[in-house]
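Now for the letters of each chain:
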Amino acid sequence: MREAIATSSRRKLQSDFSVFSVRWQGTLIIAIPVFCLLASVLMITALRAQTIETSKRQDRSQRLLLETQFLSLALSNARMSVRGYAIAKQPEFLNPYFQAKKTFPTLLQSLQQKVRANSLQGQQLQKIIAQSQQQITNIDQLKTTVERQNNSALIIQLRQNELLMNQLSQEINSFNEQEQQGYNIERKKFEQSRNLTSLVQWLALAISILSSVAALYLFNKLYQKLVERAIDLRDSKLYLQEVFDNVVDGIIILNERAYIQSTNMAAESIFGYSHQEIPGKHLQRLIAESFTEDSGRVMGFLVGSNQNKLHLQQEAIGLRKDGTTFPMEFAMSKMQLDDQTCFIAIVRDITTRKQAQETLLKQAQLLDLANDTIMVRDLNDTILYWNRGAER
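Residues numbered from 1 in each chain as written. Predicted model: local features only at pLDDT ≥ 70, side-chain atom pairs only at ≥ 80, totals over all residues. Heavy atoms only, no water.

Summing up its helical and strand segments, the chain has nine helices and seven strands in all. Expressed as a percentage of the 392 residues in the chain, the buried residues total 32%. Put simply, 53% of the contacts in the chain that link residues at least 6 apart link residues at least 24 apart. As presented, the chain carries roughly 25,700 Å² of accessible surface, and 56% of it is formed by carbon and sulfur atoms. (Helix = DSSP H or I, 4+ residues; strand = E, 2+ residues; numbered from the N terminus. Buried < 20%, exposed > 50% of the residue type's maximum accessible area, 1.4 Å probe, protein only. Contact = heavy atoms within 4.5 Å. Areas by Shrake-Rupley, 256 points an atom, 1.4 Å probe, with all protein chains shown as cover.)

In structure tokens, the structure reads:
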């Protein structure tokens, strides 16, 4: 049952495919793999662009997390450096503070750019920047108070600095948690895009293989069809050639200038030429009438000035290869092949018929000389002929 269904499907496909012309079949064979390739390239390109964009967003989120963490660490180091300097009164404790002061402008400028690029968390990031600048100012004031040795003001500023640092840390932690969630989402999207791209690539490979197999199958069918058509054309040509060569009457195909293009075997036998000799010769060579080749008088003699002799039985004197003449009967017809006009001459040697007619004429003359009555009647007793003796 399955084999019958498969056979029916293949026959239906072959029938549907055969409806198209050879040109369209060839176009279809080429279009199948090309279309599949273009579709695969477009899909892979779109997925690749999506993957690249997701990867860029993921990188931006990762850099933002690192910069905010580095800012928090720098502020903490500067704060602890000033507090250590307040306790030990040693200048080397301020080295982390000075290093942080150098990095703050670059960090804040980078974060300002992130604010413009990240509209979703821009407000929160702007708040972190503002609090960071306030904390930097507070640390600077704390250092100045330490240098002035104002202990009461130092205690108040240390408490304020501790409070601001806690608020900033909470804000940075909250921001980092949200950014980390966004980073995880982008990472998940990136993995999905990469997996989908790989899947599409494998599907594209499978489709390309299938389309190539389908194209080879259709190409094989087209090749078989062309071979069958060539065989049929050859058989048809051989069949027509056999009919052409075995017609009793001679057939001569001429161009508009009365040059012979081809003949059948009967025409070659009538005029005494071989198959290789007669093509290319002018029809003047086969007619005893005196014409000038290419003058147009030959075709005018054959078809008439207005082609009014086409399809009419005509008689002329034929000229054989050995120079002998004979009475012949011919009829002309016109044939159009693409942009070329050809004429077909059907020729018959009527020597035997002419001789029979002369014999009958002589016999009729002898019957007229007889004195006896001679009459010819049919089965209905109708008189068909009588001689002059019957008239007397």
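Taken in spatial order, the five strands make up an open sheet running β2-β1-β5-β4-β3, and their pairing is antiparallel. Edge positions in the open sheet fall to β2 (260–263) and β3 (314–319), since each of these has one partner strand only. The average angle at which neighbouring strand axes cross in this sheet is 35 degrees, direction not considered. Sheet topology note: the strand β1 (residues 250–254)/strand β5 (residues 340–349) ladder contains five bridges and is antiparallel. Counterpart to Ile251 in the pairing with β5 is Ile346. (Pairing = 2+ DSSP bridges. Axes fitted to C-alpha atoms, helices over the stretch in contact; angles between N-to-C directions.)

So, on to the packing of aromatic side chains. Overall, the coordinates contain two aromatic pairs when judged by the stated rule. Ring geometry for Tyr97 and Phe98: centres 5.3 Å apart, planes at 65 degrees, overall edge-to-face. (Phe/Tyr/Trp six-rings, centres within 6.5 Å; stacked < 30°, edge-to-face > 60°.)

Let's shift gears to a nonpolar patch on the surface. Taken together, the side chains of Leu196, Leu199, Leu203 and Ile207 make up a nonpolar region of the molecular surface, amounting to roughly 340 Å² of accessible area. Relative to the helices and strands, Leu199 resides in helix α5 (residues 151–246). With a relative accessible area of 47%, Leu199 lands in the partly exposed category. (Patch = residues over 30% accessible without salt bridge, like charges linked within 9 Å, V, L, I, M, F, W, Y side chains within 5 Å. Salt bridge = Lys/Arg side-chain N within 4 Å of Asp/Glu carboxyl O.)

On to unusual backbone geometry, then. Backbone geometry places Ala258, a non-glycine residue, at a positive phi of 70 degrees. For Ala258, the location among the structural elements is in the loop between β1 and β2. Backbone geometry at His311 places phi at a positive 70 degrees, although glycine is not the residue there. Looking at the element boundaries, His311 is found in the loop between α7 (297–303) and β3.

A word on the pattern of salt bridges. Counted according to the given criterion, the structure contains eight salt bridges. Of the charged contacts in the structure, one is a salt bridge between Arg353 and Glu315, with a shortest N-O distance of 4.0 Å. Here Arg353, found in helix α8 (residues 351–369), pairs with Glu315, found in strand β3; they are 38 residues apart in sequence, far enough to count as distant. The class of Arg353 is partly exposed, set by a relative accessible area of 35%. Here Glu315 ties to Lys354 by a salt bridge, and the two come within 3.1 Å at their closest N and O atoms. Placement of the pair is Glu315 in strand β3 and Lys354 in helix α8, with a sequence separation of 39 residues.

Moving on, we get to the pairing of β3. Alignment of β3 against strand β4 (residues 325–337), held across six bridges, turns out to be antiparallel. Pairing of Leu319 across the sheet is with Thr325, part of β4. Counting the residues that bridge the hairpin from β3 to β4 gives five residues, and of these Gly323 lies at a positive phi of roughly 95 degrees.

Moving on to the nonpolar core. Residues Leu71, Leu75, Val82 and Phe104 are the most contacted members of the largest nonpolar core, which totals 27 residues. Only α2 (22–88), α3 (95–117), α4 (122–148) and α5 provide two or more residues apiece to this core. The element best represented in this core is α2, accounting for eight residues. If we skip the residues at most four places from it in the chain, Phe104 touches Leu71, Ala74, Leu75, Ala78 and Ile136. (Core = buried A, V, L, I, M, F, W, Y, C linked by side-chain atoms within 4.5 Å.)

Along the polypeptide, Thr197 turns up in helix α5. The buried category is assigned to Thr197, whose relative accessible area is 12%. On a C-alpha basis, the gap between Thr197 and Ile44 in space is 6.3 Å, while along the polypeptide they are 153 residues apart. When sequence neighbours within four positions are dropped, the list of residues in contact with Thr197 reads Leu47 and Thr51.

Looking at the chain, pLDDT values average 77 and 84% of them are 70 or higher. Every residue in residues 9–17 is under pLDDT 50, and counting partners more than four places away or in other chains gives ten contacts. (pLDDT = per-residue confidence, 0-100.)

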